[in-house]
Amino acid sequence: GISVNTGSSATGIGYVASKDVFFENTNASGTANWAYCKALIKTPADLSNGTEDYTIRIGFADATGGGGANDGFYFDYNHANVSGNWGCNTTNAGNTQRNNSGIAVTASTNYLLEVFFRPDLTAEYYINGTRVATNDTFVPAGTSDDLLVMAEIQKNASTAQRTLTVYTLQTSIAFVK
């Protein structure tokens with residue numbers, strides 16, 4: 001796998017991502033988009049908390065570099081979001097629907113995370129093969145919604161380095177016209 005880390009400064013980010021504008025999500029008349037992201041990752045040795053604060057994001061977003069996404073459909077984890085469980089997010093123009101997966105994130109644990117985007121403008125989220133959420137609000141669907149696939153870890157506080165291991169980051173996109 002590839003290990004990405006936050007470094008030891010007060011803030012830092014590490015990520016694996018495709019090139020910018022990997023695909024443009026659209027629901028224009030007469031078209032249909034299908035998008036799939038599959039990531040096998042290992043969480044850091046320590047969980048996020050109030051003093052050792054970090055966020056993990058896995059899936060499709062309009063950019064890397066932290067601070068969330070203006071557009072995307074992705075998993076996230078931070079101790080302050082959805083009770084320390086995996087969050088299942090759709091974001092459009094900075095507005096987010098975050099559903100609680102009900103799956104608690106544990107340290108040094110492998111997770112298989114999958115997100116499916118369907119032409120009916122829903123996103124389905126699977127953790128270790130089990131569907132945990134379906135989102136249908138704030139789904140990015142405009143021609144300006146240029147998305148990339150990414151796995152990132154962003155430190156928000158402390159100087160402790162946190163490492164996310166990415167074993168696989170796979171995607172497939174189908175645009176039908």
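Keep in mind it's a predicted model, so treat the numbers as computed, not measured.

### Points about the nonpolar core
Argument step 1. One finds I41, I58, F60, F73, F75, W86 and Y125 to be the most contacted residues of the largest nonpolar core, which totals 32 residues.
Argument step 2. Membership of the second largest hydrophobic core comes to five residues, among which are A61, Y74, L148 and M150.

### Considerations on the packing of aromatic side chains
Argument step 1. Taken as a whole, this structure holds nine aromatic pairs when the rule is applied.
Argument step 2. Look at F75 and W86: their rings are 6.4 Å apart centre to centre, the planes differ by 80°, and that puts the pair in the edge-to-face class. A residue pair is termed long-range when its members are at least 10 positions apart, and F75 in strand β6 (residues 72–77) and W86 in strand β7 (residues 85–92) qualify at eleven residues. One exposure class covers both F75 and W86, and it is buried.
Argument step 3. Ring centres of Y77 and W86 lie 6.2 Å apart, and the angle between their planes is 65°; on these two criteria the pair is classed as edge-to-face.

### Some points on the pattern of salt bridges
Argument step 1. Going through the model one piece at a time under the given rule, you end up with six salt bridges.
Argument step 2. With a closest N to O distance of 3.5 Å, R162 and D46 form a salt bridge. Linking R162 in the loop between β12 (146–155) and β13 (163–176) with D46 in the loop between β4 (32–42) and β5 (54–61), this pair joins segments that are 116 residues apart in sequence.
Argument step 3. In this structure R162 comes out as buried when scored by relative accessible area, which is 11%.
Argument step 4. Among the residues examined, D46 registers a relative accessible area of 39% and is labelled partly exposed.
Argument step 5. Residue E52 is joined to R162 by a salt bridge in which the shortest nitrogen-to-oxygen separation is 3.1 Å. With E52 in the loop between β4 and β5 and R162 in the loop between β12 and β13, the pair connects residues that are 110 residues apart, well separated along the chain.
Argument step 6. Classification of E52 as partly exposed rests on a relative accessible area of 23%.
Argument step 7. Salt bridges here are not isolated pairs; linked through shared partners, they connect D46, E52 and R162.

About the thresholds
Residue numbers here run from 1 along each chain, matching the order of that chain's written sequence. For a predicted model such as this one, the threshold for reporting local features is a pLDDT of at least 70, and the threshold for listing and counting side-chain atom pairs is 80 or more; totals across whole chains, interfaces and linings nevertheless cover every residue. Water and hydrogen atoms play no part in the side-chain values, which are based on all heavy atoms of the structure. For our purposes a nonpolar core is just a set of buried Ala, Val, Leu, Ile, Met, Phe, Trp, Tyr and Cys residues, chained together by side-chain atoms within 4.5 Å. Remark: exposure states derive from per-residue accessible area (1.4 Å probe, protein chains only) relative to the maximum for the residue type, with buried under 20%, exposed over 50%, and partly exposed in between. When the centres of two rings from Phe, Tyr and Trp lie within 6.5 Å, Trp using its six-membered ring, the rings pair. Their planes under 30 degrees apart give stacked, over 60 give edge-to-face, and anything left gives tilted. Here a helix means four or more residues in a row that DSSP labels H or I, a strand means two or more in a row labelled E, and each is numbered from the N terminus. A carboxyl oxygen of Asp or Glu within 4 Å of a side-chain nitrogen of Lys or Arg is what we treat as a salt bridge.

No statement about biological role is implied by the geometric values presented.
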